[in-house]
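Structural overview
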Amino acid sequence: MTIALTPTLARRLAITRQRLAGSRSEPTPAGIMDILRDLRCVQIDPIRAVEYTQRLVLWSRLGYYDPAHLDTLLWEERQLFEYWAHAASIVLTKDYPIHNAHMQIRRRVDSNWKRQMQAWIEANESFRQHILDRLRHEGPLASREIDDLSTRSWPSTGWTNDRNVGRMLDMLWTHGEIMVATRQGVQKKWALTEHHLPEWIQREALSESEMVRQAAQISLRALGVGTAKQINNHFIRGYYPNLNAILAELVAEGRIVPVAIREGEVTWPGEWYIHADDVPLLEQLIAGHAWQPRTTLLSPFDNLICDRERTELMWDFYFRIEIYVPKAKRQYGYYVLSILHGDRLIGRIDPKMDRKTGRLHINAIYAEADAPQDTPTSQAIAAAIADLARFLGAKKIVFGEIIPPAWQPIVDQTTRM
């Protein structure tokens, strides 16, 4: 039987499963793991106009916390590691069998770029072996500590041209032969996977079908509700062979449940699913018992909005990153944070953290056309901005002139918090 949902219920289920509503976890290492067990991946990005996205994604869900806790989980306890999910990400170590199978599939994918890469690796086999030997005998090394002994340079029209050490390390990482052992800022130190991976982890890759079965359910649970296309775009993005057939098996087994999203006479396109384990949560949301909305700000790479097409469909919110857009042509700003208010995306802010002066600059605030224009909304946004400033260690918040008239009280409300 297909369950019928309203768009509001679908949004609330998605937001709750993304840990952006409901009770917050404690801002401790255990609380971070609690979040990661639901998200299963958090994108990594080196841009720090505000803060690294991996830190912002957790802040949106935890509030103020100590980022050193994340480092402890990554580099000391090794409950997390870095690999490619829907982008370069922090993932759960217990999911290594899934990612190991993902690595094997990535190796087998046939494309012009893959053939070029394989030919380059084969031409530089002695260079590849040199890196592996050094890591085996010396332990973790940064790229700057490794000599370029390549016999053929990596050809590219982009920034990777002739960056042979970095290119080889990236390929060894993609293939699962090495792992990031620690970081100092954005500088990585690399280690052999066999040395860095905890002993308690299963090293054998899952079969392709079992990988897809597990990954599809993880993706769907993180999404709350989704189509096959959306499941494919999340978690191990694009690496779900025979996904439709496996989804059909999961439906037959009762592991996932078909749903239809309807508003009046309009039914959203596509076949939608929720996980059977989330049916009780859905029932609580329908009864009005589980919905505990929050107001927060989202990184441009946040898991809730990283699938831009899904974001437009579910929230009627058009979002694109303008980092690479010339300044004069940007609509909203360089590193824009979306405003999540309850079950709606109601606007965005253009912030910049100046760490030399300790000032958080809010260059502009923009409201969506249908955003609420009342005092409680401006107070909620002000509280989110003040909480962000505290997390960043800002001594002062400086506002620009672009603020919606109804939200002007944000300036005074923020200074009083």
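Structure's up top.
A short tour of the structure in this document, coming up. These numbers come from a predicted model, not from an experiment.

**Quick look at the packing of helix 1 (residues 7–17) against helix 13 (residues 279–287)**
One way to put it is that helix 1 packs onto helix 13 with a least axis distance of 10 Å and a crossing angle of 125 degrees. Comparing the axis directions of helix 1 and helix 13 gives the class oblique. The chirality of how helix 1 crosses helix 13 is right-handed. Of the residues in helix 13, those in contact with Leu9, Arg12, Leu13, Thr16 and Arg17 of helix 1 are Leu281, Leu285 and Ile286.

**Here's the deal with the nonpolar core**
Of all hydrophobic cores here, the largest spans 103 residues; its most connected members are Ile365 and Ile385. Top element by residues in this core is helix 15 (residues 375–392). It accounts for eight residues. Apart from the residues within four sequence positions on either side, Ile385 is in contact with Leu297, Ile349, Leu360, Ile362, Ile365, Ile397, Phe399, Ile410 and Thr414. Core analysis: the second largest hydrophobic core is formed by 31 residues, Leu13, Trp272, Ile305 and Leu345 among them.

**Quick notes on the pattern of salt bridges**
Inspection of every chain in the model, using the stated rule, returns 27 salt bridges. Notably, a salt bridge pairs Arg213 with Glu249, separated by 3.9 Å at the nearest N-O pair. Note that Arg213 is positioned in helix 10 (residues 208–223) and Glu249 in helix 12 (residues 243–252), a separation of 36 residues in sequence. For Glu249, a relative accessible area of 41% translates into the label partly exposed. Taking the shortest distance from any N to any O, the salt bridge between Arg320 and Glu312 comes out at 3.0 Å. Classification of Arg320 by relative accessible area gives partly exposed; the value is 38%. Taken together, the shared-partner salt bridges connect Arg17, Arg19, Asp34, Asp38, Arg221 and Asp278 into one network.

**What about the side chain of Arg294?**
Its location among the elements puts Arg294 in the loop between helix 13 and strand 12 (295–298). For the buried Arg294, no salt bridge exists, and the shortest N-O distance to an oppositely charged side chain is 9.0 Å, to Asp34. Here the side chain of Arg294 touches Arg19 through a polar contact of 3.1 Å, landing on its backbone oxygen.

**Comments concerning the pairing of strand 9 (residues 256–263)**
Bridge count for strand 1 (residues 3–5) against strand 9 is three bridges, and the pairing is parallel. Residue Ala4 lies in a different strand from strand 9, and its bridge partner there is Ala260. Across four bridges, the pairing between strand 9 and strand 11 (residues 272–275) is antiparallel. By the bridge assignment for strand 11, Val257 is matched with Ile274.

**Some points on the side chain of Gln18**
Structurally, the position occupied by Gln18 is in the loop between helix 1 and helix 2 (29–39). For Gln18, a relative accessible area of 3% puts it in the buried group. Contacts of Gln18, omitting those with residues within four sequence positions, involve Leu39, Arg61, Ala222, His234, Asp302, Asn303 and Leu304.

**What about the packing of helix 10 against helix 12?**
At a minimum axis distance of 10 Å, the contact between helix 10 and helix 12 shows a crossing angle of 70 degrees. When the axes of helix 10 and helix 12 are compared, the pair comes out roughly perpendicular. Crossing of helix 10 against helix 12: the hand is right-handed. Contact residues: Ser209, Val212, Arg213, Ala216 and Gln217 in helix 10; Leu243, Ile246, Leu247, Glu249 and Leu250 in helix 12. A breakdown of the residues in the contact of helix 10 with helix 12 according to their chemical character gives six nonpolar, two polar and two charged.

**Describing the sheet that holds strand 15 (residues 359–367)**
Across the sheet, which stays open at both edges, the five strands sit in the order 12-13-14-15-16 with mixed pairing between neighbours. The sheet terminates laterally at strand 12 and strand 16 (396–402), the two strands that pair on one side only. In this sheet, adjacent strand axes meet at a mean angle of 30 degrees when their direction is disregarded. Its contacts with the sheet put helix 3 (residues 53–62) on strand 12 and strand 13 (337–341), and the angle it makes with strand 12 is roughly 170 degrees.

**As for unusual backbone geometry**
Even without a glycine there, the phi angle at Arg78 is positive, about 55 degrees. Take Arg78: it is sitting in the loop between helix 4 (68–76) and strand 3 (80–84). Residue classification places Arg78 among the partly exposed residues on the basis of a relative accessible area of 28%. Of note, Asp316 is a non-glycine position whose phi angle comes to about 50 degrees, a positive value. In this fold, Asp316 is placed in the loop between helix 14 (308–315) and strand 13.

**Quick notes on the sheet that holds strand 3**
The three strands are arranged 2-4-3 in an open sheet whose pairing can be described as antiparallel. The open sheet terminates on both sides in strands that have one partner only, identified here as strand 2 (41–43) and strand 3. Shown here is a sheet whose adjacent strand axes are inclined to one another by a mean of 30 degrees, direction ignored. For strand 3 and strand 4 (residues 88–92), the ladder comprises five bridges, and the chain directions are antiparallel. Residue Trp84 lies in a different strand from strand 4, and its bridge partner there is Ala88. Seen against the sheet, helix 5 (residues 96–108) touches strand 3 and strand 4 and runs at an angle of roughly 20 degrees to strand 3.

**Considering the packing of aromatic side chains**
A full pass over the atoms with the stated rule returns nine aromatic pairs. Between Tyr65 and Phe391 the ring centres are 5.1 Å apart and the planes differ by 25 degrees, which places this aromatic pair in the stacked class. Placement of the pair is Tyr65 in the loop between helix 3 and helix 4 and Phe391 in helix 15, with a sequence separation of 326 residues. By relative accessible area, which is 2% here, Tyr65 ends up buried. With a centroid separation of 5.7 Å and 50 degrees between ring planes, the pair formed by Trp268 and Trp272 is classed as tilted. Here the two residues Trp268 and Trp272 agree in accessibility, since each one is buried. Among the aromatic residues, those joined into a ring-pair cluster are Trp59, Tyr64, Tyr65 and Phe391.

Basis of the calculations
Within each chain, residues carry numbers counting from 1 in the order of the written sequence. Per-residue local features of the predicted model are confined to residues with pLDDT of at least 70, and side-chain atom pairs are confined, for both listing and counting, to 80 or more; whole-chain, interface and lining totals are unaffected and use all residues. Note that water and hydrogens are dropped before the side-chain values are worked out from all heavy atoms of the structure. Under this scheme, a helix contributes an axis fitted over its contacting stretch, all axes are lines through C-alpha atoms, and angles between N-to-C directions fall in the 0 to 180 degree range. Helix and strand labels come from DSSP, where a helix needs a run of H or I of at least four residues and a strand needs a run of E of at least two; each type is numbered from the N terminus. For classification purposes, angles smaller than 35 degrees are called roughly parallel, those larger than 145 roughly antiparallel, those between 65 and 115 roughly perpendicular, and all remaining angles oblique. Crossings are classed by handedness, with left-handed meaning an anticlockwise turn of the near helix from the far one by less than a right angle and right-handed meaning a clockwise turn. Any pair of residues with heavy atoms lying within 4.5 Å of one another is described as a contacting pair. As used here, the term nonpolar core means buried Ala, Val, Leu, Ile, Met, Phe, Trp, Tyr and Cys residues forming a set that is joined through side-chain atoms within 4.5 Å. Under the scheme applied here, a residue whose accessible area is under 20% of the maximum for its type counts as buried, over 50% as exposed, and between as partly exposed, the area being computed with a 1.4 Å probe on protein chains only. What counts as a salt bridge is simple: a side-chain nitrogen of Lys or Arg found within 4 Å of a carboxyl oxygen of Asp or Glu. The charged-residue count follows a simple rule in which Lys and Arg add positive charge and Asp and Glu add negative charge, with His and chain termini not counted at all. Two N or O atoms form a polar contact when they lie within 3.5 Å of each other; inside protein one atom must be a possible hydrogen donor and the other a possible acceptor, and for residues adjacent in sequence the pair counts only when both atoms belong to side chains. In short, DSSP must find at least two bridges between two strands for them to pair. Ten residue types, Ala, Val, Leu, Ile, Met, Phe, Trp, Tyr, Cys and Pro, are classed as nonpolar, four, Asp, Glu, Lys and Arg, as charged, and the remainder, Gly among them, as polar. Planes of paired rings set the category: under 30 degrees apart is stacked, over 60 is edge-to-face and the rest tilted, where pairs are Phe, Tyr or Trp rings (Trp by its six-membered ring) whose centres lie within 6.5 Å.

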